[in-house]
Amino acid sequence: FYITNMEIIINNNDKSEQFITIFQNIKLYCDHFNIILDNEKFYIQGMDPSHISIFEINLTKEWFDVYNIDKNVTMGLSSNIFSKILTAWSLNHSIKLYIEKEDHLNISFEKIADKSTEYNKYFEIPLMDIDSEHLSVPEQEYTLDIEFDSKKFKKIVDELSLIGERVNIKCNENEINAICESLEANMKINIPFDDIESYSIEEHETIDNTFSLKFIKNMCMYSKLTSLMFIHITEGQPLQIKYTLE
């Protein structure tokens, strides 16, 4: 058999915390997932069990401190055990992924320049053969594009979730409203334009779409990744939320 020569390392504390956040929240969507590695990127795609929401994670090789792969490889992992292992990481430790023997992934957390009093830690987990269909998510122009504070948006979604299960987003050139109605109560949040980083809607267009708060709430669990998020909506189309890691 042939063992892939793979070495991926993150030395930066902020990026390590982002990496851990990504995998701590994947388990909200699926129990198992494939990491697809090629010479240019570290890529994951998955869907929730009801096939309502899809996620994509795309980390370019430049995002890592070390990214060496001698051939394309797909690694199937348990979201539960991988996220548990990552919780053992400590500040001023690197995160290293590598393969020493067939069908196993090695993960190590090692001190960077003796800055940490924590111990070095080493893990090995078996890889899984996960049959998954890759879905092509087309690039498209959206009617509405909003750049918003990620933590503020999460707070809005959390508050709406206290009232009901669905949110109606109504937007035009003059106002932005998020509305939630239930048998017990109704709630409307008006978001001022001054509170938004950027806002773009096609001239004379109105957005009036309703979405499940459960799935948007899962998406908002990634608000720790970056201070800003992007929301894209077109009438009658799925909502897209994007976090860009610099």
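Read on for a plain summary of the structure. (Residues numbered from 1 in each chain as written. Predicted model: local features only at pLDDT ≥ 70, side-chain atom pairs only at ≥ 80, totals over all residues. Heavy atoms only, no water.)

It is worth spelling out the pattern of salt bridges at this point. Pairs may arise between side chains of opposite charge once their charged atoms sit close together. For the coordinates displayed, the defined rule picks out seven salt bridges. E7 is the partner of K96 in a salt bridge, and the nearest nitrogen-oxygen pair spans 3.3 Å. Of this pair, K96 sits in strand β7 (residues 93-98) while E7 sits in strand β1 (residues 6-10), placing them 89 residues apart in sequence. Its salt-bridge partner being E40, residue K61 comes within 3.7 Å of it at the nearest N-O pair. (Salt bridge = Lys/Arg side-chain N within 4 Å of Asp/Glu carboxyl O. Helix = DSSP H or I, 4+ residues; strand = E, 2+ residues; numbered from the N terminus.)

This part is about the environment of K15. Residue position: K15 is located in helix α1 (residues 13-26). For K15, the contacting residues outside a window of four places in its chain are I10, E62, W63 and E246. (Contact = heavy atoms within 4.5 Å.)

Packed helix pairs are specified by the crossing angle of their axes together with the interaxial distance, meaning the distance between the axes. Where α1 contacts helix α2 (residues 79-86), the two axes come as close as 8 Å, and the packing angle between them is 145°. Remark: the crossing between α1 and α2 carries left-handed chirality. Of the residues in α2, those touching α1 at F19, I20, F23, Q24 and I26 are S79, F82, S83 and L86. For the contact of α1 with α2, a count of residues per class yields six nonpolar, three polar and no charged. (Axes fitted to C-alpha atoms, helices over the stretch in contact; angles between N-to-C directions. Left-handed = near helix turned anticlockwise from the far one by under 90°. Nonpolar A, V, L, I, M, F, W, Y, C, P; charged D, E, K, R; others polar.)

Glancing now at the layout of surface pockets. Size it by volume and the largest pocket reaches roughly 1,500 Å³. Lining the largest pocket are 40 residues, with I54, F55, E56, Q240 and I241 sitting closest to its centre. Elements with a contribution of two residues or more to the lining of the largest pocket: β4 (54-60), β15 (207-212), α4 (213-220) and β17 (240-242). The element that contributes the greatest number of residues to the lining of the largest pocket is β4, accounting for seven residues. Split into classes, the residues belonging to the lining of the largest pocket amount to 24 nonpolar, ten polar and six charged. Looking at the second largest pocket, it is lined by 15 residues, and the ones nearest its centre are Q45, G46, M47, S132 and E133. Where the lining of the second largest pocket is concerned, the elements lending two or more residues are β2 (32-37) and β3 (41-47). (1 Å grid on protein atoms, 1.4 Å probe; cavity = no way out; pocket = protein on both sides within 12 Å on 5 of 7 lines; lining within 4 Å. Points joined across faces, edges and corners; volume = space filled by probe spheres on them.)

What follows deals with the pairing of β3. In terms of burial, β3 is largely enclosed, as five of its seven residues are buried. Taken together, the three bridges between β2 and β3 define a ladder with antiparallel strand orientation. Among the inter-strand pairings, I36 is bridged to a residue of β3, identified as Y43. Between the end of β2 and the start of β3, which pair antiparallel, lie three residues. Of the pairings in the sheet, the one linking β3 to β4 comprises seven bridges and is antiparallel in character. Residue pairing for β4: G46 is matched across the bridge by F55. Hairpin connection of β3 to β4: six residues between the antiparallel strands, including H51 at a positive phi of 60°. (Buried < 20%, exposed > 50% of the residue type's maximum accessible area, 1.4 Å probe, protein only. Pairing = 2+ DSSP bridges.)

This part covers the packing of aromatic side chains. Scanning the entire structure with this criterion turns up 14 aromatic pairs. On the numbers, 5.6 Å between centres and 45° between planes, the contact of F42 with F64 is tilted. Remark: F64 occurs in the loop between β4 and β5 (66-69) and F42 occurs in strand β3; sequence separation between them is 22 residues. We classify F42 as buried; its relative accessible area is 0%. Note on F64: relative accessible area 7%, which makes it buried. (Phe/Tyr/Trp six-rings, centres within 6.5 Å; stacked < 30°, edge-to-face > 60°.)

Attention shifts here to the sheet that holds strand β10 (residues 144-149). One open sheet holds the four strands; their spatial order is β14-β10-β16-β17, and the pairing between them is antiparallel. Looking at which strands have only one partner, the edges of the open sheet turn out to be β14 (198-201) and β17. Across the sheet, the mean angle separating the axes of adjacent strands is 20° when strand polarity is ignored. Relative to β17, strand β16 (residues 228-233) is paired through three bridges, and the arrangement is antiparallel. Note that in β17 the partner of I231 across the bridge is I241.

Moving on: a negative patch on the surface. Among the surface-exposed residues, E141, E173, E202, E203, E205, D208 and E235 lie close enough to one another that they form a single negatively charged patch. Within the element layout of this structure, E203 appears in the loop between β14 and β15. Residue classification places E203 among the exposed positions, given a relative accessible area of 57%. (Patch = residues over 30% accessible without salt bridge, like charges linked within 9 Å, V, L, I, M, F, W, Y side chains within 5 Å. Areas by Shrake-Rupley, 256 points an atom, 1.4 Å probe, with all protein chains shown as cover. Lys, Arg positive; Asp, Glu negative; His and termini not counted. Charge placed at Lys NZ, Arg CZ, Asp CG, Glu CD.)

Coordinates in, geometry out; function isn't part of it.
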